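Take a look at the letters that make up each chain.
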Amino acid sequence: MEETGGSPLAIVEFKQVIYAYEAQDAPALDGISFTIERGEFVAVIGANGSGKSTLARHINALLTPDSGQVLTVGLDTSHEKTLFEIRSCAGYLFQNPDAQMVTSVVADDVAFGPENLALAHEEIIERVDEALGAVAMTDFSQRNPAHLSGGQKQRVCLAGLLAMRPDVLILDEPGAMLDARGRRGIRRIVRELSREGMTVILITHFMEEATLAERVLVLEQGRLAMMGTPVEVFSHKDRLRELALDVPFSLLLAEELRSRGIEVPETVTPEELKEELCRLYLSR
Ligand SMILES: Nc1ncnc2c1ncn2[C@@H]1O[C@H](COP(=O)(O)OP(=O)(O)OP(=O)(O)O)[C@@H](O)[C@H]1O
Ligand SMILES: [Mg+2]
């Protein structure tokens, strides 16, 4: 592997990245620097147009910086000769699953990526089975993707990425087009993948979803406004309001309870808060 001077633990590294779309006055990314380590679960939040998708497109080299540097799995995304390797290591789930569907049979769609890796036929079949299992879509393997629901389509797209055995998964608002149940399904899979050690970068408009991550990056007009654990980031309520972002309900509730002398810890996810409240109730 080429020596790029990146941090040895980093799986994604942005160094002073500036990027402007053509005919755009202000850059979409304006001097962004951060590092994501292998196995981390990071959420990216920010108002509409703050640069989240632009940032995501830089990770798998769909876009490359005007200045600065992006290293994905240690490879400089501006070097064309490593483009294929970067794309296979960094799976990018688009917001709209229809944009990512290519064939008329679910299993073929999932096999599409691995086939481009020139793997043995048996290996491809094994990967497709495993990936469909991971997203609970095994029973749909011979269906036409066009006839699936939005949530099912998105799970098939995710299976297609998993079949590539990527190092890092980037999910660009996977729940935006789904109902609450569809979102819960995707969320459960993402948490499971993260627990199994996959590096996950989740772009989301749902603050509750961001609380599931270990770290949250907040964008504001192409700049990094805040970065920290969910508890740290969501404690800056006034700043979040300026950024047109909500504080997750579970966190507000936990705070309200504490202010009334009910000792819940700084829980952030709804599940954690539920556990705490049950524990307190039962120990009365
Ligand atoms: N293809 C494009 N051509 C020109 N400008 C673009 C293009 N895509 C995005 N932009 C602009 O770049 C800025 C950042 O957009 P981006 O899509 O990255 O934001 P985002 O945070 O993903 O927004 P959203 O929450 O709406 O998805 C915005 O000002 C947007 O108008
Ligand atoms: Mg976007």
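The structure this text deals with has already been given above.
Below: a short report on this structure.

Parameters and conventions
- Residues numbered from 1 in each chain as written.
- Chains lettered and ligands numbered in written order.
- Predicted model: local features only at pLDDT ≥ 70, side-chain atom pairs only at ≥ 80, totals over all residues.
- Heavy atoms only, no water.
- Buried < 20%, exposed > 50% of the residue type's maximum accessible area, 1.4 Å probe, protein only.
- Helix = DSSP H or I, 4+ residues; strand = E, 2+ residues; numbered from the N terminus.
- Contact = heavy atoms within 4.5 Å.
- Salt bridge = Lys/Arg side-chain N within 4 Å of Asp/Glu carboxyl O.
- Near = heavy atom within 4 Å.
- Polar contact = N/O pair within 3.5 Å; in protein donor to acceptor, adjacent residues only side chain to side chain.
- Areas by Shrake-Rupley, 256 points an atom, 1.4 Å probe, with all protein chains shown as cover.
- Nonpolar A, V, L, I, M, F, W, Y, C, P; charged D, E, K, R; others polar.
- Pairing = 2+ DSSP bridges.
- Axes fitted to C-alpha atoms, helices over the stretch in contact; angles between N-to-C directions.
- 1 Å grid on protein atoms, 1.4 Å probe; cavity = no way out; pocket = protein on both sides within 12 Å on 5 of 7 lines; lining within 4 Å.
- Points joined across faces, edges and corners; volume = space filled by probe spheres on them.
- Core = buried A, V, L, I, M, F, W, Y, C linked by side-chain atoms within 4.5 Å.

Attention shifts here to helix α3 (residues 106–116). Considered for burial, the residues of α3 that qualify are Val-106, Ala-107, Asp-109, Val-110, Ala-111, Gly-113 and Pro-114. For α3, the elements touching its buried residues are α4 (121–134) and α5 (150–162). Taken from the residues just after α3, Ala-118 is the one with a positive phi, measuring 55°.

Here we come to the pattern of salt bridges. Within the structure shown, the criterion is met by 15 salt bridges. Salt-bridge contacts for Arg-165 lead to Glu-130; the nearest nitrogen and oxygen are separated by 3.3 Å. Within this pair, whereas Arg-165 is found in the loop between α5 and β7 (168–172), its partner Glu-130 is found in helix α4, the two being separated by 35 residues in sequence. Residue classification places Arg-165 among the partly exposed residues on the basis of a relative accessible area of 37%. With relative accessibility at 47%, the residue Glu-130 sits in the partly exposed group. Ionic pairing is found between Glu-271 and Arg-191, a salt bridge with its closest N-O pair at 3.9 Å.

Before going further, it helps to spend a moment on the site of ligand 1. The immediate surroundings of ligand 1 are formed by 13 residues, with Gln-24, Gly-49, Lys-52, Ser-53 and Thr-54 found nearest. In this structure, Asn-48 approaches ligand 1 through a side-chain N or O atom, which is 3.0 Å from an oxygen atom. Measuring from an oxygen atom of ligand 1, one finds a backbone N or O atom of Ser-50 at 3.2 Å. Protein contacts shield 61% of the accessible area of ligand 1, which totals 630 Å² for the unbound molecule. Each residue belonging to the shell around ligand 1 can be placed in one class, and the counts come to three nonpolar, eight polar and two charged.

Strand pairing in a sheet relies on backbone hydrogen bonds, with the paired strands running either antiparallel or parallel. The strand order across the open sheet formed by six strands is β6-β7-β8-β3-β9-β10, and the pairing between neighbours is mixed. Sheet topology places β6 (90–93) and β10 (223–228) at the edges, where each strand pairs with a single neighbour. Sheet twist, expressed as the mean angle between neighbouring strand axes with direction ignored, is 15°. As paired elements, β7 and strand β8 (residues 199–203) share five bridges and run parallel to each other. The residue bridging Leu-171 from the neighbouring strand is Leu-202, located in β8. On the sheet, α5 packs against β6 and β7 and is oriented at approximately 170° with respect to β6.

Roughly 590 Å³ of internal volume is contained in the largest pocket. Gln-100, Phe-112, Gly-113, Leu-161 and Met-164 are, among the 24 residues lining the largest pocket, the residues nearest its centre. If you list the elements that add at least two residues to the lining of the largest pocket, you get α2 (83–89), β6, α3 and α5. Residue contributions to the lining of the largest pocket peak at five residues, all from α3. For the lining of the largest pocket, the residue count by class is 15 nonpolar, seven polar and two charged. Of the pockets and cavities examined, the second largest pocket occupies roughly 340 Å³. Around the second largest pocket, the lining comprises 17 residues; the ones closest to its centre are Ala-134, Val-135, Leu-162, Ile-189 and Leu-193. Listed by contribution, the elements that provide at least two residues to the lining of the second largest pocket are α4, α5 and α6 (180–195). The dominant element in the lining of the second largest pocket, judged by the number of residues it contributes, is α6, at five residues. In terms of residue class, the lining of the second largest pocket is made up of nine nonpolar, one polar and seven charged.

Ranked by size, the top nonpolar core spans 49 residues in total, and within it Ile-45, Val-110, Leu-162 and Val-218 carry the most contacts. At six residues, α5 tops the list of elements feeding residues into this core. When sequence neighbours within four positions are dropped, the list of residues in contact with Val-218 reads Ile-45, Arg-223, Leu-224, Ala-225, Met-226, Val-233, Leu-243 and Leu-245. Listed in part, the 29 residues of the second largest apolar core include Leu-55, Ile-59, Leu-63 and Cys-89.

With that settled, the discussion passes to unusual backbone geometry. Not every positive phi belongs to a glycine, and Gln-16 is a case in point at roughly 50°. Secondary-structure assignment places Gln-16 in strand β1 (residues 10–19). The phi dihedral of Val-73 falls on the positive side, at around 40°, and the residue is not glycine. In this structure, Val-73 sits in the loop between β4 (67–72) and β5 (75–76).

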